[in-house]
Amino acid sequence: MSDRVTWDALFVLNQCSPKNLVREKVSQIRARRVLLVGSHHFFKSERQVWKRLLNCKEIEFVSFADHLSDEVMANIDSGTSNILRESRGAGDYIARYQREVLTLKNIAVAQSLSNSNIWIKAWSDFNLGLCPKAWATFNARPLQPWHSRWIRLKAEYLALTTPLRRAPRPKIVRLIAPPDSTEKYAFVCSTRRLAIAPEVKVNDVILRKALTAPGTVFLATTIHDHPRFVTRLGYPVRVFADGLLPSNYPRSYIDSYGDVTFIPIDPISERWFLTCGVTCARPPAFLTSQRFVFPISPASGRRVLILLNHTGDWCALVNRSDTDVLAEAFIELAAIHPDIDFRIRPHPSMDHPQHEGAGARKRIEAEVNRANLANLRCSQGKLEDDLRTSDLAISEYSATLVDAWQRGLPGLIVNLTNRRSFMQDYEELGYVAIHTRENLNQFFAHLDQSVCDLVKRQTCAVQCYNTMLANFIAS
């Protein structure tokens, strides 16, 4: 093993860490060589700010993702899932999973860093992917005093729990009673993500009345909107797939639902449920199949929409830096190709305390504004308008990219994480995917030909998907 690099100070930070405290620590110990480690990715502009602020001889910037391979993250997820499997249920499973994963990921990063680095002093911030307790075993002190941490954590806890506390069990549910069937579905959540056939009648009724309706009554929810109280009512529960549910997604996400039956809505979600080994039932007749439209070659292909996904501690296989890396790549592309219009659409929930965190969207927008490019901007409009006015949609993984494909818009998968793609199911069907900066640059260097080739491949992929969908419906 080569000699390890020695640093005067190591700081473990997130995107909200107070820069003034870091500067104070650096000044106190007169550090000349500083290692900054972030749960996020340090944008170039942020690196410049840190260099001016600390005024050190040498500063190195590292992201958690640089030291977390797909294999390491998958082992953390599966190990945690196996330990918690016995406590399946919607109670505290999610909180316990996130705490364990957070600790193990921080330990893995610290261990990997310590293999090639030595730090004389170290400090760790908290929250947004950071676990000070894990770094304490590597001689890191808390960056912020306890009272500051307590005030911030309390504010975020209240922000997360107050809506739940104020939201009583709904008195009105959406009751769907399919014709020629004795089964009824009482949805205690929104059905906006489900494709309900237009001729199907949906009635808003009192929950008590819905549960006592003649026939078999199922309480119904969706994967992304599953109220915890449903497990306490004593009725069979059907959880419908909604959005993007890739088959190589970890099963840990599904273990929090308890004793329910899952309803796939397409062959991709069915593949995930079967891989996880959970109980499934066939989709009821009131759902419509979502066939994909064949793509049409755009007139110019010069209006590009980047659909950012979001990350957080709810899955061990994603990092908060993933979104940053993708956004930075397209900011750089916009500078190289002034004749191409780039529009970045941040995920609407990225500001959530459990995702990228408060101010995350403004941080992306600020980086875009700093570039000061006439052909680059962040979207401020509706998704429908963005899709309608674009020639090419791009995402690492997003249900909105699937929406684009469904309506015939050419779409490109771009995954620059060096880890698994959660769009692998679609890549196997033939949808075009790019996994390196070099290939991404080549794609845009010959954009017209690239889009033409993409449309041809997407046409074949749509045919494959629609065939697979037809078999799923007929099975």
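Provided above is the structure to which this section pertains.
In short, a report on the structure. Bear in mind that the values here come from a model prediction, so they are computed numbers and not experimental data.

About the cut-offs
Residues numbered from 1 in each chain as written. Predicted model: local features only at pLDDT ≥ 70, side-chain atom pairs only at ≥ 80, totals over all residues. Heavy atoms only, no water. Helix = DSSP H or I, 4+ residues; strand = E, 2+ residues; numbered from the N terminus. Rg over C-alpha atoms; globule rule 2.2 N^0.38 Å. Buried < 20%, exposed > 50% of the residue type's maximum accessible area, 1.4 Å probe, protein only. Contact = heavy atoms within 4.5 Å. Areas by Shrake-Rupley, 256 points an atom, 1.4 Å probe, with all protein chains shown as cover. Lys, Arg positive; Asp, Glu negative; His and termini not counted. Charge placed at Lys NZ, Arg CZ, Asp CG, Glu CD. Phe/Tyr/Trp six-rings, centres within 6.5 Å; stacked < 30°, edge-to-face > 60°. Pairing = 2+ DSSP bridges. Axes fitted to C-alpha atoms, helices over the stretch in contact; angles between N-to-C directions. Disulfide = S-S within 2.5 Å.

The next thing to look at is the overall build of the protein. Counting secondary structure elements, the protein contains 15 helices and 17 strands. At 24 Å, the protein has a C-alpha radius of gyration in line with the 23 Å of a compact globule built from 475 residues. Oriented by its inertia axes, the alpha-carbon framework of the protein measures out at about 80 × 55 × 40 Å. Per-residue burial for the protein yields a buried fraction of 53% across its 475 residues. When contacts within the protein are restricted to residue pairs at least 6 apart in sequence, those whose partners lie at least 24 apart make up 69%. Looking at the protein as shown, the accessible area adds up to about 22200 Å², and 51% of this sits on carbon and sulfur atoms. When the 59 positive and 48 negative side-chain charges of the protein are each reduced to one mean point, those points stand 7 Å apart.

Applying the stated criterion across every chain, the model contains 24 aromatic pairs. With centroids separated by 6.2 Å and ring planes inclined at 55°, the aromatic side chains of Phe330 and Phe342 adopt a geometry described as tilted. With a gap of 12 residues between them, Phe330 in helix α9 (residues 321–336) and Phe342 in strand β13 (residues 341–345) connect regions that are remote in the sequence. Judged by relative accessible area, which is 0%, Phe342 ranks as buried.

This next bit is on the sheet that holds strand β5 (residues 141–142). Paired through backbone hydrogen bonds, the strands of a sheet run either parallel or antiparallel to each other. Pairing is parallel across the open sheet formed by 5 strands, whose spatial order is β3-β2-β1-β4-β5. The open sheet has two edge strands, β3 (58–63) and β5, and neither has a second partner. Here strand β1 (residues 5–13) pairs with strand β4 (residues 117–124) via 7 bridges, running parallel. Counterpart to Val12 in the pairing with β4 is Ser124. Its contacts with the sheet place helix α2 (residues 44–54) against β1, β2 (33–38) and β3, and it is angled at close to 145° to β3. Running over the sheet, helix α4 (residues 93–114) touches β1, β2, β3 and β4 and is turned about 145° from β4.

Mapped onto the secondary structure, Cys464 falls in helix α15 (residues 447–474). Accessibility expressed as a relative area gives 38% for Cys464, which makes it partly exposed.

You will see that Asn127, though not glycine, has its phi angle at about 75°, which is positive. With respect to the helices, strands and loops of the structure, Asn127 is situated in the loop between β4 and α5 (132–136). The residue Asn139 is not glycine, and still its phi comes out positive at about 65°. For Asn139, the location among the structural elements is in the loop between α5 and β5.

The next thing to look at is the state of the cysteines. Evaluation of the coordinates by the stated rule reveals 0 disulfides. The structure places no disulfide on Cys131, whose sulfur is separated from the nearest cysteine sulfur, that of Cys16, by 18 Å. For the unlinked cysteine Cys464, the closest cysteine sulfur is that of Cys460, found at 6.9 Å.

The next subject is the sheet that holds strand β9 (residues 216–222). Here we have 6 strands laid out as an open sheet, ordered β8-β6-β7-β9-β10-β11, and mixed in their pairing. Looking at the sheet topology across the chains shown, the edges are occupied by β8 (202–206) and β11 (261–263). Taken pair by pair, the neighbouring strands of this sheet meet at an average axis angle of 35°, ignoring direction.

It is worth stressing that arrangement in space is one thing and function is another; only the former is reported here.
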